Amino acid sequence: MSVSALVEVDVLDAVPTGLYIDGQWRPAGSGGTFDVEDPATGKVLLSIADAGPEDGVAALDAADAAQESWAKVPPRERGEILHRAFELLTERTEAFALLMTLEMGKPLAEARGEVAYAAEFLRWFSEEAVRAFGRYSVSPDGKSRLLVTKKPVGPCLLITPWNFPLAMATRKIAPAVAAGCTMVLKPAKLTPLTSMLFAAVMHEAGLPAGVLNVVPSSTAGATTGPLIKDSRLRKLSFTGSTQVGRRLLADASETVLRTSMELGGNAPFIVFEDADVDAAVNGAMLAKLRNMGEACTAANRFIIHETVAAEFAEKFAAKMKEMTTARGTEPDSTVGPLIDAKSRDKVHELVADALASGATAILGGAPVDGPGYFYQPTILIGVAAESRILSEEIFGPVAPITTFTSEDEAVRLANNTEYGLVAYVFTKDLNRGIRMGEKLETGMLGLNAGVISNAAAPFGGVKQSGLGREGGLEGMEEYLNTQYIGISDPYNG
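Throughout what follows, the structure given in this document is the object of discussion. If you're wondering where the values come from, they're calculated on a predicted model, not measured in any experiment.

So, on to unusual backbone geometry. Of note, Asn291 is a non-glycine position whose phi angle comes to about 65°, a positive value. Within the element layout of this structure, Asn291 appears in the loop between helix H10 (277–289) and strand E13 (299–305). The phi torsion at Phe395 lies on the positive side, around 55°, for a residue other than glycine. For Phe395, the location among the structural elements is in the loop between strand E15 (378–381) and strand E16 (398–404).

As structure tokens, then:
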């Protein structure tokens, strides 16, 4: 066995394989187990406990029982637990990075970047825990006093996606902990191992029993459905597809459950005629190929001014040709596999549809032969307006290029989608950049930047890309209720 294989075995041996409920690891009830595969090889990494409906209820029981005492823990103590978790996670960067690479596929360099990004949510909210400020004021008529306070919303259900298994967990868990909420975490069935190892870190950091409960499940609806209808649950935070988000919103409406939804995207990447083309290409590499394109923030539609489109496409293709498609644990890997066969086939279906409608592949355009679920980095030009690839989220390393002639046309093309998560604009004209920020229907804008995610910034979209924000000052507000107390006039009371 190679040294790298020995390291992989050591990391997998450290992953708990049970359900984490009320501070204890336990086997599933009636759910049995399910397998977690390596998308680069198709081989089983681990078999883990498969939570059933009764396990979800047990997790909510624990969260509900712990809520009152946890809410009374001083904010400073909650923040110190998060900071200890930040330090532990940072110390174990290599183990977490390797585990993410094994179960999700991303190259190790990117996995290390995700560990750093995920850890920043722990550090940021460890500092925000003491800043859940209210206010005190005199009423306008002077006859009373207005006291506004912040209180934890209560037990939360957190549902995370498979593409960023650590960062999406910390982005939800950290503000909930800081705000004084208890949680049930349901990680994605394709990549649950990272969340389970992180739960062990939170336990080691001193998080009390029942505050965080983790229930991996192969049947998400059966496990979480009863919780969404349970009156004890006070908050649902979901990251995933818009299609699933719509169903969850419908279910949540029955109890008027407070929700945060970070859903799909169809990000436009706009390059104006005055842009630094080389900088735009570098930004495009980050916006498109980060995580193999499997990100809601990935650039989905490249809308390039007609005068620079040929130069941009040529330089973009040259950069993409330098990428190495290989298992993420390989030293030279820069593009890993897609998460499963279904996802790879969907990407190729979109490419085939575009080609059939008249597009040309100047690079790539097909799956990679061999084991695993790899797809060639691909650039398409001459993409017809009616092609599905311009309206559907690609979630793969494929860049369709279209052109525009005027600023108004660029805005029209960019806004021609039900999504509105993020957009990217490259221009040397600051006034134009500000105008685009005001005209584009998007929750976030990267101006001359291909990556803008930051724990200190509010992440979220508009239209069918979701509700609410994660990260930044706004992130903890999602886990706090505002209470107003009217006080009689102290001079005439």
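Applying the stated rule across the entire model yields 29 salt bridges. The partner of Asp408 in a salt bridge is Lys439, with the nearest N and O atoms 3.7 Å apart. A residue pair is termed long-range when its members are at least 10 positions apart, and Asp408 in helix H13 (residues 407–415) and Lys439 in helix H14 (residues 430–439) qualify at 31 residues. Taking relative accessible area as the criterion, Asp408 reaches 55% and is therefore assigned exposed. For Lys439, a relative accessible area of 34% corresponds to the partly exposed category.

Quick look at helix H12 (residues 341–356) now. Helix length check: H12 (16 residues) gives 22 Å between terminal C-alpha atoms against 22 Å at 1.5 Å per residue, within 8%. Residues Arg344, Val347, Leu350, Val351 and Ala354 constitute the buried set of H12. Projected down its long axis, H12 carries its buried residues within an arc of 125°, all on one side. Facing away from the buried side of H12 by over 90 degrees, the exposed positions are Lys342 and Ala356. Buried residues in H12 make contact with E15 and E16. Once H12 finishes, Gly358 follows within two positions and takes phi at roughly 115°, a positive value.

Taken together, 7 strands build an open sheet; the order of strands is E14-E15-E16-E13-E12-E17-E18 and the sheet is mixed. Sheet topology places strand E14 (360–363) and strand E18 (444–447) at the edges, where each strand pairs with a single neighbour. Strand-to-strand twist of the sheet, defined as the mean angle between neighbouring strand axes without regard to direction, takes the value 25°. Strand direction decides the pairing type here: strand E17 (residues 422–426) and E18, joined by 4 bridges, are parallel. Across the sheet, Tyr424 pairs through a bridge with Gly446, a residue of E18.

A separate point is the state of the cysteines. Per the counting criterion, the structure on display carries 0 disulfides. Of all cysteine sulfurs, the one in Cys156 lies closest to Cys181, which takes part in no disulfide; the gap is 4.1 Å.

This brings us to the sheet that holds strand E6 (residues 144–152). In a beta sheet, neighbouring strands are held together by backbone hydrogen bonds and run either parallel or antiparallel to one another. The strand order across the open sheet built from 3 strands is E5-E6-E20, with neighbouring strands paired in antiparallel fashion. Edge strands, defined here as strands with exactly one partner in the open sheet, are strand E5 (135–138) and strand E20 (480–488). Strand-to-strand twist in this sheet, taken as the mean axis angle between neighbours without regard to direction, amounts to 20°. Judged from the 9 bridges that link them, E6 and E20 form a sheet pairing that is antiparallel. Bridging from a neighbouring strand, Leu147 pairs with Ile485 of E20.

This part covers the packing of aromatic side chains. Under the criterion given, the structure shown has 11 aromatic pairs. Aromatic pair Phe302 and Phe312: ring centres 6.3 Å apart, planes at 35°, arrangement tilted. With Phe302 in strand E13 and Phe312 in helix H11 (residues 309–321), the pair connects residues that are 10 residues apart, well separated along the chain. The same class applies to Phe302 and to Phe312, which are both buried. Taken together, a centroid distance of 5.3 Å and an interplanar angle of 50° make the contact between Phe302 and Phe316 tilted. Taken together, the positions of Phe302 in strand E13 and Phe316 in helix H11 put the pair 14 residues apart, joining distant regions of the chain. Both residues of the pair, Phe302 and Phe316, belong to the buried class. A connected cluster of aromatic rings, assembled from ring pairs, spans Phe269, Phe302, Phe312, Phe316, Tyr424 and Phe426.

Let us look at helix H7 (residues 193–204). Over its 12 residues, H7 runs 17 Å from end to end, which matches the ideal 16 Å to within 8%, given 1.5 Å per residue. Of all 12 residues in H7, 9 are buried; the element is thus mostly enclosed. For H7, the complete set of buried residues consists of Leu193, Thr194, Ser195, Met196, Leu197, Phe198, Ala199, Val201 and Met202. Taken from the residues just after H7, Gly206 is the one with a positive phi, measuring 105°.

This part takes up the pairing of strand E4 (residues 44–49). Strand residues, when the strand is regular, have side chains that alternate between the two faces of the sheet. In this structure, strand E3 (residues 33–37) lies alongside E4, joined through 5 bridges in antiparallel fashion. Residue pairing in the sheet places Glu37 in a bridge with Val44 of E4. Hairpin geometry of E3 and E4 is characterised by an intervening segment of 6 residues between the two adjacent antiparallel strands and by a positive phi of about 80° at Gly42.

At their nearest, the axes of helix H3 (residues 75–91) and H7 sit 8 Å apart, and the two run at 130° to each other. On the basis of the axis angle, H3 is oblique to H7. In terms of crossing hand, the pair formed by H3 and H7 is right-handed. Here Ile81, Leu82, Ala85, Leu88 and Leu89 of H3 lie close against H7, whose contacting residues are Phe198, Val201, Met202 and Glu204. Tallied by class, the residues present in the contact of H3 with H7 amount to 8 nonpolar, no polar and 1 charged.

Parameters and conventions
Residues numbered from 1 in each chain as written. Predicted model: local features only at pLDDT ≥ 70, side-chain atom pairs only at ≥ 80, totals over all residues. Heavy atoms only, no water. Helix = DSSP H or I, 4+ residues; strand = E, 2+ residues; numbered from the N terminus. Salt bridge = Lys/Arg side-chain N within 4 Å of Asp/Glu carboxyl O. Buried < 20%, exposed > 50% of the residue type's maximum accessible area, 1.4 Å probe, protein only. Expected span 1.5 Å × (residues − 1). Arc of directions from axis to C-beta. Contact = heavy atoms within 4.5 Å. Pairing = 2+ DSSP bridges. Axes fitted to C-alpha atoms, helices over the stretch in contact; angles between N-to-C directions. Disulfide = S-S within 2.5 Å. Phe/Tyr/Trp six-rings, centres within 6.5 Å; stacked < 30°, edge-to-face > 60°. Parallel < 35°, antiparallel > 145°, perpendicular 65-115°, else oblique. Left-handed = near helix turned anticlockwise from the far one by under 90°. Nonpolar A, V, L, I, M, F, W, Y, C, P; charged D, E, K, R; others polar.

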